[in-house]
Amino acid sequence: MSDFEHLIPAMADKSRSMSDQERKAWLDTPRWLTYTRAKEIDTKLEWLYGHPRVTRMPNMLLIGRTNNGKTDLITRFASRHPPCDNAGGEHINVPVLVVQTPPKPTEAGFYMELVRPLLRRLPNGSADTKRAFVMGLLKGIQLKVLVIDEMHNMLSGTSQSQHLFLNVIKYLTNDLQISIIGVGDQTLINAFSVDEQLQNRFEPEILPRWDRGKEFNRLLSSFELILPLRHPSHLVDPLLSMKILSICEGTIGELSKLLNSAARYAIDSGIEQINDVVLTKCGYRPPSERKKAVLEV
Ligand SMILES: Nc1ncnc2c1ncn2[C@@H]1O[C@H](COP(=O)(O)OP(=O)(O)O)[C@@H](O)[C@H]1O
Ligand SMILES: [Mg+2]
């Protein structure tokens with residue numbers, strides 16, 4: 001049996017030729033592993049993108065706990081539909097716009113976030129003036145889908161400011177005939193439930209916490225194929241996979257962080273595989289422990 005059969009061929013070559021230092025540095029490069037739920041959500045995102053402009057546009061709430069891959073999904077969606085030149089037009093075309101939500105939301109602050117990625121400034125004046133400017137700009141770039149990341153921040157204000165914000169959302173989707181994708185945690189669903197019309201038009205898509213089973217094993221196998229270790233770890237072994245899931249507390253971001261820490265330890269120690277001992281000794285701390293430590297400061 002030849003070496004490195006537990007890795008994809010490109011990774012096997014790298015693992016053979018790279019130094020320990022290089023292998024550890026490689027662990028920090030961004031990576032994307034596909035999984036069924038991501039594919040399903042991608043399909044829905046593309047459906048929204050291709051939807052003709054109608055009076056009542058369909059919208060989406062992409063819901064999941066922090067570090068479970070929401071931003072990665074929408075970033076990949078946006079990069080499939082990049083801005084393009086609009087020959088003869090005043091503006092470039094921006095079919096998909098991703099904006100962040102300011103942690104302390106105000107109407108003007110939200111408008112500022114909408115124009116920031118387009119390198120434009122808001123005019124001085126009333127909220128109405130600012131809104132009119134934003135509407136004109138978003139029409140000009142022929143926006144199709146607006147993604148609002150960390151949208152639950154918008155709803156952290158008073159019920160009056162929440163109401164105002166939800167009205168702005170309604171106004172944007174109706175007037176511009178665009179689809180809006182609100183990205184956030186569970187609280188976002190609660191906030192939308194106060195308005196029946198919005199609730200009906202924003203379909204929740206959940207990115208659930210990972211659990212034991214075929215899908216999780218598939219994900220572990222995908223990780224194993226690309227972690228540059230010299231011996232197989234058999235991450236799908238029932239005891240090992242159970243331990244991994246319980247330490248990382250079920251999000252893909254924490255899983256990735258845990259496996260990176262374990263792989264680094266496996267390289268430094270010469271063990272060259274992830275096993276029970278490596279998981280215990282690699283120095284990774286689960287999110288709940290980190291939170292507790294902060295509270296105790
Ligand atoms: N499909 C994926 N494959 C590998 N790693 C992923 C994947 N999706 C997310 N991650 C990892 O999880 C981390 C958190 O993802 P992110 O999209 O920022 O989560 P969220 O927006 O839900 O808080 C990312 O930095 C990345 O390392
Ligand atoms: Mg995010």
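Criteria and thresholds
Residues numbered from 1 in each chain as written. Chains lettered and ligands numbered in written order. Predicted model: local features only at pLDDT ≥ 70, side-chain atom pairs only at ≥ 80, totals over all residues. Heavy atoms only, no water. Phe/Tyr/Trp six-rings, centres within 6.5 Å; stacked < 30°, edge-to-face > 60°. Buried < 20%, exposed > 50% of the residue type's maximum accessible area, 1.4 Å probe, protein only. Lys NZ or Arg CZ within 6 Å of the ring centre and 35° of its normal. Pairing = 2+ DSSP bridges. Helix = DSSP H or I, 4+ residues; strand = E, 2+ residues; numbered from the N terminus. Axes fitted to C-alpha atoms, helices over the stretch in contact; angles between N-to-C directions. Near = heavy atom within 4 Å. Polar contact = N/O pair within 3.5 Å; in protein donor to acceptor, adjacent residues only side chain to side chain. Areas by Shrake-Rupley, 256 points an atom, 1.4 Å probe, with all protein chains shown as cover. Nonpolar A, V, L, I, M, F, W, Y, C, P; charged D, E, K, R; others polar. Domains from an automatic or database assignment. Buried area = accessible area lost by both parts, 1.4 Å probe. Salt bridge = Lys/Arg side-chain N within 4 Å of Asp/Glu carboxyl O. Contact = heavy atoms within 4.5 Å. Arc of directions from axis to C-beta.

A. Geometry of the packing of aromatic side chains. This structure, assessed with the given rule, holds seven aromatic pairs. Between Phe-110 and Tyr-111 the ring centres are 6.4 Å apart and the planes differ by 35 degrees, which places this aromatic pair in the tilted class. Grouping residues by exposure puts Phe-110 and Tyr-111 together as buried. An aromatic cluster is defined as three or more aromatic residues linked by ring pairs; in this entry it consists of Trp-32, Tyr-35, Trp-210 and Phe-216. Of note, Arg-131 hangs over the ring of Tyr-171, and the distance from its end group to the ring centre comes to 5.3 Å.

B. Structural detail: the sheet that holds strand S5 (residues 202-206). Sheet architecture is open: five strands sit in the order S2-S3-S4-S1-S5, paired in parallel fashion. Looking at the sheet topology across the chains shown, the edges are occupied by strand S2 (96-100) and S5. Averaged over all adjacent pairs, the angle separating strand axes in this sheet is 20 degrees, with direction ignored. The pairing of strand S1 (residues 59-63) with strand S4 (residues 179-184) spans four bridges and is parallel. Looking at the pairing, Leu-62 lines up with Val-183 of S4.

C. Inspection of the site of ligand 1 at higher detail. Surveying the vicinity of ligand 1 reveals 14 residues, the closest of which are Leu-33, Asn-67, Lys-70, Thr-71 and Asp-72. Note that an oxygen atom of ligand 1 is positioned 2.8 Å from one of the side-chain N or O atoms of Thr-71. Contact with the protein chains removes 81% of the 560 Å² of surface that ligand 1 exposes when unbound. Elements with a minimum of two residues in the shell around ligand 1: helix H4 (70-80) and helix H12 (252-269). The element best represented in the shell around ligand 1 is H4, accounting for three residues. Split by residue class, the shell around ligand 1 holds four nonpolar, six polar and four charged.

D. Fine view of the domain arrangement of the protein chain. According to the domain assignment, the protein chain consists of domain 1 (9-30 + 210-296) and domain 2 (36-206). On a C-alpha basis, the centres of domain 1 and domain 2 stand 35 Å from each other. Approximately 460 Å² of surface area, both sides summed, lies buried where domain 1 meets domain 2, with 39% of it carried by carbon and sulfur atoms. The interface formed by domain 1 and domain 2 contains zero salt bridges. Along the contact surface separating domain 1 from domain 2 lie five residue pairs in polar contact (both at pLDDT 80 or more). Mapped onto the side of domain 1 that touches domain 2, the elements with two or more residues apiece are helix H10 (214-226) and H12.

E. Looking closely at the environment of Pro-30. Summarising the element assignment, Pro-30 is placed in the loop between helix H2 (20-27) and helix H3 (36-50). A residue is classified by how much of its surface remains accessible, and Pro-30, at 80% relative accessible area, is exposed.

F. Region of interest: the side chain of Thr-251. Tracing the backbone through its elements, the reader meets Thr-251 in the loop between helix H11 (238-248) and H12. Each residue touching Thr-251, except ones within four places of it in the same chain, is listed here: Arg-65, Thr-66, Asn-67, Asn-68 and Trp-210.

G. Just helix H1 (residues 9-17), in detail. Looking only at H1, the buried set comprises Met-11, Ala-12 and Ser-15. Down the axis, H1 shows its buried residues gathered within 105 degrees of arc, on one side only. Among the exposed residues of H1, those oriented more than 90 degrees off its buried face are Pro-9 and Ser-17. Buried positions along H1 lie against H2 and H10.

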